[in-house]
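# A look at the structure
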Amino acid sequence: MSKPHTSPGLWALAWRRLRGDKIAMVSLAVVGAFFLLVLASASGLLASNWEDEVAVSYAPPTFVGADKDVAADGAIPLPDERSAPTPVNVLDPLADDIAELRAQMGSNPSAGVEMYGVTDPLADDLTALRAGMGKAKKLVTHKAATLPFGADKWGHDIVQKTIKGGETSIVVGLVAALLAVVLGTLFGAVSGYFGGIVDDFFNWFYSIFTSIPSILMILTVAAVLQQKGVLTIVLILGLTGWTGPYRLIRAEYIKHKAREYVMAADAIGASHWRKMFSHIFPNVSHVALVQMSILVVGFIKAEVILSFLGFGVPVGTVSWGSMLNEAQNELILGKWWQLTAAATAMAVLVTAFSLFTDALRDALDPKVK
């Protein structure tokens, strides 16, 4: 006995349509590659040593060539305090006496102790400092003069810094956008489906958030949390960014709740929860996906503003936002490679994510054949 034929579901049909779109599949591959980089960076397989000073300050990309002030082996010429002549102050009345004392002491600093019985309390510290300076000179000679895509002010590799910064920015953008869309969808679904006093309450709540300028709302939430970090940024952006998805989802639920398929579900005894999220939501999910795509882009940019205002990532954490914040000062000096790396990575991810989300919206829309 043959099994009855089962028609494919919504997501199976969406995947079938999606596979026929070459641009969507290429965009999906790009987005997947960024996610793999994030996982590799989080697990320590990539960019684990991004804070190592592997190059000289502002080392240019290899295809540009090393600066003229840097030696061929990557060493920065350091001034030797003993090789430079000491200028003579003709107005110093003690110059002759000091010169005579130095001649008597010669190259032995301890001669002063033998002659005058005075012990230098800083002698040991100065000796340790001179030894440390000697080691620092040796370390400087091992720094690279160029890197494939250059270095920042502290000599960090731009490639590794971009990968590590992508981990922070992508996590902030995606998780904050997901939180905002989930809240906006839940509030919009309940408000649009039930209407009445429930709708009035959520509209009042929505009006409070939209009546306050967004930057003031962000600063208010940041002041209440009183803490820096990725989780703080996610909460700030997610709790203040749900108003856009709420407004659109509410309108879609008001439109769909009176349609025939919802009435048929009501006739067979479907619960409110099932009608809201099993029947109506698949037909309006493309709205939530488009909103998520827009919010991911906006939240990655908002992280730059929060970092500039002091509410962003803490010291020791890198993101694309902090890289762009540093690059604005470097660009004045003609050091463009950090700006190019961060902006290019952000543009590629945002473009690929937008194209994939747009194709997914068309694939999920039942009205699109």
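Note that this is a predicted model, so its numbers are computed, not measured.

## So, the overall build of the protein chain
What the protein chain contains, in helices and strands, is 14 helices and 0 strands. In sequence order, the protein chain lays out its α and β elements as α-α-α-α-α-α-α-α-α-α-α-α-α-α. Across the protein chain, contacts joining residues at least 24 apart in sequence account for 78% of those joining residues at least 6 apart.

## A few points about the nonpolar core
Core analysis: the largest hydrophobic core is formed by 57 residues, its most contacted members being I170, L237, W242, Y253, V296, F299 and W320. If you look at the next biggest cluster of nonpolar residues, it comprises 8 residues, including A24, F356, A359 and L364.

## Section: the UniProt feature "transmembrane region" (unreviewed entry) in the protein chain
Mapped onto the present numbering, the UniProt feature "transmembrane region" (unreviewed entry) falls on residues 170–194, 201–224, 230–249, 280–300, 306–324 and 336–356. As annotated, residues 280–300 has a helix share of 100% and a strand share of 0%, and its two end C-alpha atoms lie 31 Å apart. As a span, residues 336–356 carries 95% helix and 0% strand, and end to end its C-alpha atoms are 30 Å apart.

## Examining the packing of aromatic side chains
Tallying each qualifying case throughout the model produces 15 aromatic pairs. Where F187 meets W242, the ring centres are 5.2 Å apart and the plane angle is 90°; that geometry is what we call edge-to-face. With F187 in helix α6 (residues 158–194) and W242 in the loop between α9 (230–240) and α10 (243–256), the pair connects residues that are 55 residues apart, well separated along the chain.

## Structural notes on the side chain of S169
Inspection of the secondary structure puts S169 in helix α6. Residue classification places S169 among the buried positions, given a relative accessible area of 1%. Aside from chain neighbours lying at most four places away, what touches S169 is I300, E303, S319, W320 and G321.

## Things to note about the packing of helix α13 (residues 320–332) against helix α14 (residues 337–364)
Contact pair α13 / α14: the axes reach a minimum separation of 8 Å and the direction vectors enclose 140°. When the axis of α13 is compared with that of α14, the two are oblique. Every pair of crossing elements has a handedness; the one defined by α13 and α14 is left-handed. For the pair α13 and α14, the contacting residues are W320, M323, L324, E326, A327, E330 and L331 in the first and Q338, L339, A342, A343, A345, M346 and L349 in the second. A class-by-class count of the residues in the contact of α13 with α14 yields 11 nonpolar, 1 polar and 2 charged.

## Structural notes on unusual backbone geometry
Here A47, not a glycine, exhibits a phi torsion of approximately 55°, which is positive. Mapped onto the elements of the fold, A47 is located in the loop between α2 (22–43) and α3 (95–105). A47 gets classed as buried once you look at its relative accessible area, which sits at 8%.

## Side note on the side chain of T240
With respect to the helices and strands, T240 occurs in helix α9. Given the relative accessible area of 17%, T240 is considered buried. Within polar-contact distance, the side chain of T240 engages the backbone oxygen of I236 at 2.6 Å. Only 3.4 Å separates the side chain of T240 from the backbone oxygen of L237, close enough to count as a polar contact. Aside from chain neighbours lying at most four places away, what touches T240 is M217, I218 and V221.

## Quick notes on the pattern of salt bridges
For the structure on display, the rule yields 7 salt bridges. Here E53 and K143 are joined by a salt bridge, their closest N and O atoms 3.3 Å apart. Taken together, the residues E53 in the loop between α2 and α3 and K143 in the loop between α5 (123–140) and α6 connect sequence positions 90 residues apart. Residue E53 is classed as partly exposed on the basis of its relative accessible area, which comes to 45%. Here K255 and E252 are joined by a salt bridge, their closest N and O atoms 3.5 Å apart. Taken as a pair, K255 and E252 lie in helix α10 at a separation of 3 residues, close to a single helical turn. Overall, K255 belongs to the partly exposed group, its relative accessible area being 41%. Under the relative-accessibility criterion, E252 is labelled buried at 17%. Beyond isolated ion pairs, a larger network of salt bridges with shared partners links D152, K161 and E326.

## Describing the environment of S48
Along the chain, S48 falls in the loop between α2 and α3. For S48, a relative accessible area of 55% corresponds to the exposed category. Taking the C-alpha atoms as reference points, S48 and I163, 115 residues apart in sequence, are found 9.8 Å from one another.

Criteria and cut-off values
- Residues numbered from 1 in each chain as written.
- Predicted model: local features only at pLDDT ≥ 70, side-chain atom pairs only at ≥ 80, totals over all residues.
- Heavy atoms only, no water.
- Helix = DSSP H or I, 4+ residues; strand = E, 2+ residues; numbered from the N terminus.
- Contact = heavy atoms within 4.5 Å.
- Core = buried A, V, L, I, M, F, W, Y, C linked by side-chain atoms within 4.5 Å.
- Buried < 20%, exposed > 50% of the residue type's maximum accessible area, 1.4 Å probe, protein only.
- UniProt positions renumbered as here; feature names shortened; annotations may be inferred.
- Phe/Tyr/Trp six-rings, centres within 6.5 Å; stacked < 30°, edge-to-face > 60°.
- Axes fitted to C-alpha atoms, helices over the stretch in contact; angles between N-to-C directions.
- Parallel < 35°, antiparallel > 145°, perpendicular 65-115°, else oblique.
- Left-handed = near helix turned anticlockwise from the far one by under 90°.
- Nonpolar A, V, L, I, M, F, W, Y, C, P; charged D, E, K, R; others polar.
- Polar contact = N/O pair within 3.5 Å; in protein donor to acceptor, adjacent residues only side chain to side chain.
- Salt bridge = Lys/Arg side-chain N within 4 Å of Asp/Glu carboxyl O.

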